[in-house]
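# Observations on the three-dimensional arrangement
One-letter residues, chain by chain:
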Amino acid sequence: MKQKNRINTAITICYFALYLVLGLSLLIRQPFGNPPDEYNRYLIPRYIAEHGTLPNGYEESIRIPGYGFSYAFQPILPYMFQGYAMGFVNLFTDSQTALLYTARGVDLLFGLLMARVVLLLAGQWFQDARFRWIFAFLATFLPQGIFVHTYVNTDSCCMLSIALMLYGLTLGLKDAFTARSSLIMALGIILCALSYYNAYGYILSCILLFTVFFLSVYRNKLCFDYKNFLKKGIFISAVVLCGIAWWFIRSAILYEGDFLALRTRNACASLYAQPQFHPDTRATWMNQGFSLFDMVRDSDFISLSMLSFIGMYGPMTMVTSIWVYRFYKALFGLGVLFCALLQGPAARNRDRMEPGRRWFRIFFHVNMVFCILMPLFLSLYYSYSTDYQPQGRYLLPALLPLCLYTVRGMEKMCRLILSSLLPGKKRQEILLTAFSLVLCAVIAAMLILTVYGYAFPFYDALPASS
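Residues numbered from 1 in each chain as written. Predicted model: local features only at pLDDT ≥ 70, side-chain atom pairs only at ≥ 80, totals over all residues. Heavy atoms only, no water.

### Concerning the overall build of the protein chain
On a plain count of helices and strands, the protein chain comes out with 18 helices and four strands. Taken over C-alpha atoms, the radius of gyration comes to 23 Å for the protein chain, in line with the 23 Å a tight globule of 466 residues would show. Put simply, the protein chain has 466 residues, and 50% of those count as buried. Contacts in the protein chain between residues at least 24 apart in sequence constitute 75% of all its contacts with a sequence separation of at least 6. (Helix = DSSP H or I, 4+ residues; strand = E, 2+ residues; numbered from the N terminus. Rg over C-alpha atoms; globule rule 2.2 N^0.38 Å. Buried < 20%, exposed > 50% of the residue type's maximum accessible area, 1.4 Å probe, protein only. Contact = heavy atoms within 4.5 Å.)

Spelled out as structure tokens, the structure:
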């Protein structure tokens, strides 16, 4: 037991140390504006730091040149954290570099918090510590995953919010939504609602799974625990509304009832966009009369989405080693395939012991698959109708459930192979330990190769003005 504790402690130290070293390296070395659309996003925290107030979406100084709208129409909680942190640092220095690193540092902090929550979530999803570590390394050290935590954006806070929602939801399904698990899930919902519309599918899944949790079958009849549903549901709803209502009320007041500000953002673009970027005349696939199938068939949508989900830095121009892409394609593909085709002994035992709850487990997995597919559908829609470049960061909200099924599939495969080939349990355990350590090391090596072998030379080769 002491030896296992020492191994876990050593891996934990390596896990967080590696994250900090690589995250800080990327944060410092990236030229300003080289990450996707960082310049236009940075306008908002800079405005907050300079004025101490939140900007109206129509504010000219933060509008995106050409496109005519600003990111201030969308929820900006991450930019608020960055802006007020920059304002504090500005009390001591006027260095623009220090202010930029402060804004980026807030996102790195979100990433570090996410890494911690992912570790806690792994403990809930996997009984075997070896596969907990594989899940944590896979979810935390995906090259594109760590990249979004090193420049100014809202994706970073969104990823933290997803980890919190899933962790709080998982705890709630086990402890019947005590105050602790309810608060964790509510915090995740608040951060998600105020950071990124594309991840709202997780909020819907939390609501659905929370509701269905109070359904049960008794003597072939559906029963619903209204008392606990209302008691705990009202508590969670009250916490969430206290956290998010102010933003949507503000938007409704500023934009004539448009509390999501989507219609107003489009109206702003119609007023100020240059002709080539105007929403009605922009050369999108939809405006040109092509079908969605035409776009997928004739463009690089699938290839670009897949490769940039794994890792493409800069404005989608820095690729990593082909072996990094091959490794992750094989890992995700085979893991999900084995998860779908193989049934583990634990699942069979649960079905025998709790036959009445099998339908709920199916419903849980339906929701997780929905959370994987929803970002893909939204990315397809935006690329088709708005001419957004297919970027892997749009798909990153799918990362955690995708990693769940990938690692679950690997666990099933490993146990099936070892039980067939090795009769001795001790030897099986030794091989499983070796497999998990090697795989975690390979995942870390893929990220180190990407950062130091490809990203840094790419940044060094950029012109000084980049």
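### Quick notes on the pairing of strand β2 (residues 221–224)
Pairing of strand β1 (residues 215–218) with β2 involves four bridges; the strand directions are antiparallel. Across the sheet, residue leucine 215 finds its bridge partner in β2, namely phenylalanine 224. (Pairing = 2+ DSSP bridges.)

### Looking at the side chain of aspartate 294
Mapping aspartate 294 onto the fold places it in helix α12 (residues 292–298). At 3.0 Å, the side chain of aspartate 294 and the backbone nitrogen of serine 291 are in polar contact. For aspartate 294, the side chain forms a polar contact with the side chain of arginine 297, separated by 3.1 Å. Those residues in contact with aspartate 294, other than ones at most four positions away along the chain, are Trp285 and Ser299. (Polar contact = N/O pair within 3.5 Å; in protein donor to acceptor, adjacent residues only side chain to side chain.)

### Overview of the pattern of salt bridges
Applying the stated rule across the entire model yields nine salt bridges. In this structure, aspartate 294 engages arginine 297 in a salt bridge whose closest nitrogen and oxygen atoms are separated by 3.1 Å. With aspartate 294 and arginine 297 both in helix α12, this residue pair falls three residues apart, about one helical turn. Between glutamate 411 and arginine 408 there is a salt bridge, with the nearest N and O atoms lying 3.4 Å from each other. Separated by three residues within a single helix, glutamate 411 and arginine 408 lie in helix α17 (residues 399–421), roughly one turn from each other. When its relative accessible area of 26% is taken as the criterion, arginine 408 is described as partly exposed. Within this structure, Asp128, Arg130, Arg408, Glu411, Arg415 and Glu429 form a network of salt bridges that share partners. (Salt bridge = Lys/Arg side-chain N within 4 Å of Asp/Glu carboxyl O.)

### Notes on helix α1 (residues 2–29)
Taking 1.5 Å per residue as the helical rise, α1 with its 28 residues ought to reach 40 Å, and the 40 Å between its terminal C-alpha atoms agrees with that figure. Along α1, the residues classified as buried are Ile11, Tyr15, Leu18, Tyr19, Leu22, Gly23, Ser25, Leu26 and Leu27. (Expected span 1.5 Å × (residues − 1).)

### Considerations on a nonpolar patch on the surface
On the surface, a cluster of nonpolar side chains totalling about 310 Å² of accessible area is made up of Val369, Leu373, Leu376 and Phe377. Counting through the fold element by element, leucine 376 comes out in helix α16 (residues 358–385). (Patch = residues over 30% accessible without salt bridge, like charges linked within 9 Å, V, L, I, M, F, W, Y side chains within 5 Å. Areas by Shrake-Rupley, 256 points an atom, 1.4 Å probe, with all protein chains shown as cover.)

### Section: the packing of helix α9 (residues 200–213) against helix α10 (residues 226–254)
Orientation of α9 relative to α10, taken along the N-to-C sense of each, is 160 degrees, at an axis distance of 11 Å. Between α9 and α10, the angle falls in the class roughly antiparallel. The two elements α9 and α10 meet at a crossing, and its hand is left-handed. Here Tyr200, Phe210 and Thr211 of α9 lie close against α10, whose contacting residues are Phe229, Lys232, Gly233, Ile236 and Phe248. Classifying every residue of the contact of α9 with α10 by side-chain character gives five nonpolar, two polar and one charged. (Axes fitted to C-alpha atoms, helices over the stretch in contact; angles between N-to-C directions. Parallel < 35°, antiparallel > 145°, perpendicular 65-115°, else oblique. Left-handed = near helix turned anticlockwise from the far one by under 90°. Nonpolar A, V, L, I, M, F, W, Y, C, P; charged D, E, K, R; others polar.)

### Quick notes on the packing of aromatic side chains
According to the stated counting rule, one finds 42 aromatic pairs in the structure shown. Three or more aromatic residues joined by ring pairs form one cluster here, namely Phe177, Phe210, Phe213, Phe214, Phe224, Tyr226, Phe229, Trp359 and Phe360. We note arginine 29 situated over the ring of phenylalanine 456; from NZ or CZ to the ring centre the distance is 4.1 Å. (Phe/Tyr/Trp six-rings, centres within 6.5 Å; stacked < 30°, edge-to-face > 60°. Lys NZ or Arg CZ within 6 Å of the ring centre and 35° of its normal.)

### Details of the environment of tyrosine 79
Its location among the elements puts tyrosine 79 in helix α3 (residues 77–89). The class for tyrosine 79 is buried, based on a relative accessible area of 1%. Here tyrosine 79 is in contact with Arg41, Ile44, Pro45, Ile48, Tyr71, Val152, Asn153 and Thr154, once residues within four sequence places are set aside.

### Quick notes on the nonpolar core
In terms of nonpolar packing, the biggest core is built from 141 residues, with Phe135, Tyr313, Tyr328 and Leu400 touching the most fellow members. Among the elements that line this core, the one with the most residues is helix α4 (residues 96–125), at 14 residues. Residues in contact with leucine 400, not counting those within four places in the same chain, are Met114, Val118, Leu121, Trp125, Phe135, Ala139, Ile162, Ala163 and Leu166. (Core = buried A, V, L, I, M, F, W, Y, C linked by side-chain atoms within 4.5 Å.)

### What about the side chain of glutamate 38?
If you trace the backbone, glutamate 38 turns up in helix α2 (residues 38–51). Polar side-chain contacts of glutamate 38 include one of 2.9 Å to the side chain of arginine 104. Discounting residues that sit within four places of it in the chain, glutamate 38 has contacts with Pro31, Phe32, Gly33, Leu100, Arg104, Tyr151 and Val152.

### Observations regarding unusual backbone geometry
For alanine 176, which is not glycine, the phi dihedral falls at a positive 60 degrees. Here alanine 176 lies in the loop between α7 (155–175) and α8 (179–193). The residue methionine 316 is not glycine, and still its phi comes out positive at about 65 degrees. Within the element layout of this structure, methionine 316 appears in the loop between β3 (312–313) and β4 (318–319). For methionine 316, a relative accessible area of 10% corresponds to the buried category.

### Concerning the environment of valine 451
Mapped onto the fold, valine 451 is located in helix α18 (residues 425–460). Residue valine 451 is classed as buried on the basis of its relative accessible area of 0%. A sequence separation of 429 residues divides valine 451 from leucine 22, and the C-alpha atoms of the two residues are 7.4 Å apart. Residues within four places of valine 451 in sequence aside, it is in contact with Leu22, Leu26, Tyr313 and Phe456.

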